[in-house]
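Geometric and topological summary
Below are the chains, spelled out letter by letter.
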Amino acid sequence: MLKLILPYMETKRLILRELKRSDAPHIFAYAQDPRVGPMAGWEPHKTIDDTYRFIDYAIKKRDFGQPGIFVIESKQHHKVIGTIEIHSYQEYKAEIGFVLNPEYWNQGYITEAAKAVIIYGMDLLKLKRLVYCHFPHNHASKRVCEKLGFTFEGVLRHKFLLYDGTLYDDVTYSIISDDYKNGSITWVKTFKKDLFIDY
């Protein structure tokens, strides 16, 4: 199976590149934080070995037709501050997901990274549909969806079973290729001017 393109990308403040095992210390720094994993549906990492297992799993996903995971690296701080990916890829549709070190919340980093990844998904992967889902109590993700121009589709009841057995609803949004191409996603043209993609 051919691997999908996972390019190196740069925005004004960020580098987005393929995940590596050497990223483990920076990822563990926030993956152990109880504010992070549960909001994305996974258990906080107890040791750095959990982080290495996550990285090994993430890298192997590329062998099974998935695009893979980008690290979000801050140019200013020269460190990995989060991850972002297009997952559940099936020819023309996929989902986007992301996590960020709490030290960097509320500074627009996820919105900036997500804009780059949306452009990658629509222009390089030729997606027709890109979905984002978040738990009802994740108000920060709701704000990100609104900034990115996703369209609210509804709530899928009891869709996600958390690692501790808790059932959560998923609030679901999408961008479709028609939205992207017809200019209704208003930030695309301007953002592309500052985006570098090497593939």
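Residues numbered from 1 in each chain as written. Predicted model: local features only at pLDDT ≥ 70, side-chain atom pairs only at ≥ 80, totals over all residues. Heavy atoms only, no water.

Below, the discussion takes up the pairing of strand β8 (residues 167-176). Of the pairings in the sheet, the one linking strand β6 (residues 129-134) to β8 comprises six bridges and is antiparallel in character. Following the sheet pairing, Y132 is matched in β8 by Y173. Where strand β7 (residues 151-161) hands over to β8, the hairpin turn is made up of five residues, of which G165 adopts a positive phi near 95°. (Pairing = 2+ DSSP bridges. Helix = DSSP H or I, 4+ residues; strand = E, 2+ residues; numbered from the N terminus.)

Moving on: the state of the cysteines. Following the criterion strictly, the structure yields zero disulfides and no others. Here C133 is not cross-linked by a disulfide; its sulfur's nearest cysteine counterpart is in C145, at 8.6 Å. Owing to a relative accessible area of 15%, C133 belongs among the buried residues under this scheme. Residue class for C145 comes out buried when judged on its relative accessible area of 1%. (Disulfide = S-S within 2.5 Å. Buried < 20%, exposed > 50% of the residue type's maximum accessible area, 1.4 Å probe, protein only.)

Tracing the backbone shows Q66 in the loop between α3 (48-60) and β3 (68-74). Accessibility expressed as a relative area gives 14% for Q66, which makes it buried. Here the side chain of Q66 touches Y89 through a polar contact of 2.9 Å, landing on its backbone nitrogen. In this structure, Q66 is in contact with L4, K61, H87, S88 and Y89, ignoring residues within four places of it in sequence. (Polar contact = N/O pair within 3.5 Å; in protein donor to acceptor, adjacent residues only side chain to side chain. Contact = heavy atoms within 4.5 Å.)

Counting 42 residues, the largest nonpolar core has L16, I84, I96, V117, I118, L130 and F150 as its most contacted members. For this core, the leading source of residues is helix α4 (residues 109-124), giving ten residues. The contact partners of L130, leaving out residues within four places of it in the chain, are I86, A94, E95, I96, I118, M122, F150, Y173, S174 and I175. Ranked by size, the runner-up nonpolar core spans twelve residues in total, among them I27, A31, A58 and V71. (Core = buried A, V, L, I, M, F, W, Y, C linked by side-chain atoms within 4.5 Å.)

Here the focus is the packing of aromatic side chains. Scanning all chains against the criterion turns up eight aromatic pairs. Ring geometry for W187 against F191: centres 6.0 Å apart, planes inclined by 85°, an arrangement best described as edge-to-face. With respect to burial, W187 and F191 carry one shared label: buried. Of the aromatic side chains, those joined through ring pairs into one cluster are F135, F160 and Y168. Lying over the aromatic face of Y109, R13 brings its terminal NZ or CZ to 4.2 Å of the ring centre. (Phe/Tyr/Trp six-rings, centres within 6.5 Å; stacked < 30°, edge-to-face > 60°. Lys NZ or Arg CZ within 6 Å of the ring centre and 35° of its normal.)

To continue, consider the packing of helix α1 (residues 24-31) against α3. Contact pair α1 / α3: the axes reach a minimum separation of 9 Å and the direction vectors enclose 115°. Between α1 and α3, the angle falls in the class roughly perpendicular. Every pair of crossing elements has a handedness; the one defined by α1 and α3 is right-handed. Contact residues: α1 offers A24, P25, I27 and F28, while α3 offers I48, T51, Y52, F54 and I55. (Axes fitted to C-alpha atoms, helices over the stretch in contact; angles between N-to-C directions. Parallel < 35°, antiparallel > 145°, perpendicular 65-115°, else oblique. Left-handed = near helix turned anticlockwise from the far one by under 90°.)

Moving on to α3. For an α-helix, the turn length of 3.6 residues means that residues three or four places apart are oriented alike. Across its 13 residues, α3 extends 19 Å between first and last C-alpha, which sits within 8% of the 18 Å expected from 1.5 Å per residue. Where α3 is concerned, the buried positions are T51, I55 and A58. Buried residues along α3 cover an arc of 65° about the axis, so they all sit on one side. Among the exposed residues of α3, those pointing more than 90 degrees away from its buried face are R53, Y57 and K60. On its buried face, α3 is in contact with α1 and β3. (Expected span 1.5 Å × (residues − 1). Arc of directions from axis to C-beta.)

A sheet is described by the order of its strands in space; here nine strands give the open sequence β7-β8-β6-β5-β4-β3-β2-β1-β9, paired in mixed fashion. Strands at the two margins of the open sheet, each flanked by one partner only, are β7 and β9 (196-198). Adjacent strand axes in the sheet meet at a mean angle of 25° when their direction is disregarded. Looking at chain direction, strand β4 (residues 79-90) and strand β5 (residues 93-100) are connected through seven bridges and run antiparallel. Residue pairing in the sheet places I86 in a bridge with I96 of β5.

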